[in-house]
Amino acid sequence: MSLPAVLTAAGSSPSPTPSESATTTVPTLQDAQESAVHTASWVEQNWSTWLAIGLKVLLVVVIAVVLRKIVLRAITKFIDRMNRTVESAEGTTLGGLLVNAERRRQRSQAIGSVLRSVASFLILGTAALMVLSSFQIDLAPLLASAGVAGVAIGFGARNLVTDFLSGVFMILEDQYGVGDTIDSGVASGEVVEVGLRVTKLRGASGEIWYVRNGEIKRIGNLSQGWATAGVDVTVRASEDLDKVRATLGEVAEKMAKEEPWNEVLWSPIEVLGLDSVLIDSMVVRVSAKTMPGKALTVERELRWRIKRAFDAAHIRIVGGETAVLLDEETTDRAAQVTAPSAFSDSDSPQVAATTPIAPQRSATGGR
């Protein structure tokens, strides 16, 4: 092939241009119209489902809010009725003996708080699960995870759960309240604060005890009902019992008429009789019902008055069951202290036995 023929063949094929390789497709008005039609069709097909889900969620939320408001209002009315019952009972005799208005109010407020919290948790939690189920969300994994987490928390914080449940039942059963004096086994004192987990007690020396409610196995409430004041008086066995009884009766009658003991004493002071009789002493028991928490005060005042009355009546109080009584007619006080000596009496056999033997003279020696 000749050179002109080659050049002619090469010039006949067109060379590529940049404009042809970089061409882009521009959406037309028809393409936009088709996309809008497809979107409208999809919305038209699913709007009823969306509307149903929205109405269901709205209905669940409205019912939960209304139900919660009704339940909380009912709980509040119930607590207010409890407080009104306490206030009406304050003026009666039974109310004065058994009802502590302030403690009842605190208990009712605590019960109301616990009930409102539980009601809100149950209602709102149930509503949240129903809303999630409305969106076709599978709740099985969520509930399973919550169950596993609850079991793990329960094992890890079992003491906390025990304390909380014990505190709830203590409040609901009204076992004790603020101001009561209790013996919880691990500590005793006046209740300063009652919580769902910890109870604070103030001891006799002013210390504060923090007692977990789960550790309390038994409770002795010393502030409910009434208390008993008992005094044991030990006198000589030779005392006149009628005189002792009469003196104690005068003390009891006089104390019951004076203030403030006439309000503290809830029953007459009784002489119960002989509690024990020994060779050289006897114990007389005196008892009375008092206001809760005032038994120790009444006992101290009663001992004070009995001692003064016995001194005036010349009745001797001895120091215990094995009291050593001194004879008033004994003149030698040292004889009551030191042990008697066998050598103190010159005519005793012991002294005679220790006397040196005198030499005996023979019958013929004197001749």
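We now turn to the structure provided with this report. Predicted model only: the values in this text are computed from it and were never measured. (Residues numbered from 1 in each chain as written. Predicted model: local features only at pLDDT ≥ 70, side-chain atom pairs only at ≥ 80, totals over all residues. Heavy atoms only, no water.)

Focus: the side chain of S120
So, point 1. Here S120 shows up in helix 5 (residues 101-134).
So, point 2. Within the structure, the side chain of S120 is placed 3.1 Å from the side chain of R68, a separation counted as a polar contact.
So, point 3. Apart from the residues lying within four places of it in its own chain, the contact partners of S120 are R68, L72 and G125. (Helix = DSSP H or I, 4+ residues; strand = E, 2+ residues; numbered from the N terminus. Polar contact = N/O pair within 3.5 Å; in protein donor to acceptor, adjacent residues only side chain to side chain. Contact = heavy atoms within 4.5 Å.)

Quick notes on the pairing of strand 6 (residues 227-236)
So, point 1. Of all 10 residues making up strand 6, 7 are buried, and the element is well covered by its neighbours.
So, point 2. Pairing geometry for strand 6 and strand 8 (residues 281-290), over 10 bridges, is antiparallel. Looking at strand 8, one finds that R236 is bridged to S281. (Buried < 20%, exposed > 50% of the residue type's maximum accessible area, 1.4 Å probe, protein only. Pairing = 2+ DSSP bridges.)

Some points on the sheet that holds strand 8
So, point 1. Ordered by their spatial adjacency, 3 strands build an open sheet running 6-8-7, and the pairing between neighbours is antiparallel. If you trace the sheet from one side to the other, it starts and ends with strand 6 and strand 7 (270-277), each paired once. Direction aside, the axes of adjacent strands within the sheet are offset by 25 degrees on average.
So, point 2. Set on the sheet, helix 10 (residues 295-312) makes contact with strand 6 and strand 8; between it and strand 6 the angle comes to about 25 degrees. (Axes fitted to C-alpha atoms, helices over the stretch in contact; angles between N-to-C directions.)

Observations concerning the environment of V71
So, point 1. For V71, the position within the fold is in helix 3 (residues 29-89).
So, point 2. Residue classification places V71 among the partly exposed positions, given a relative accessible area of 27%.
So, point 3. Taking C-alpha positions, V71 is 8.7 Å from S120, a pair spaced 49 residues apart along the chain.
So, point 4. Excluding its chain neighbours within four sequence positions, the residues that come into contact with V71 are A119 and I123.

As for a positive patch on the surface
So, point 1. Taken together, the side chains of K69, R73, K77, R81 and R84 present a region of like positive charge at the surface.
So, point 2. Checked against the element boundaries, R81 lands in helix 3. (Patch = residues over 30% accessible without salt bridge, like charges linked within 9 Å, V, L, I, M, F, W, Y side chains within 5 Å. Areas by Shrake-Rupley, 256 points an atom, 1.4 Å probe, with all protein chains shown as cover. Salt bridge = Lys/Arg side-chain N within 4 Å of Asp/Glu carboxyl O. Lys, Arg positive; Asp, Glu negative; His and termini not counted. Charge placed at Lys NZ, Arg CZ, Asp CG, Glu CD.)

Observations regarding the packing of aromatic side chains
So, point 1. Counting across every chain of the model gives 0 aromatic pairs.
So, point 2. Positioned above the aromatic ring of W226 is the side chain of K289, whose terminal nitrogen or guanidinium carbon lies 4.2 Å from the ring centre. (Phe/Tyr/Trp six-rings, centres within 6.5 Å; stacked < 30°, edge-to-face > 60°. Lys NZ or Arg CZ within 6 Å of the ring centre and 35° of its normal.)

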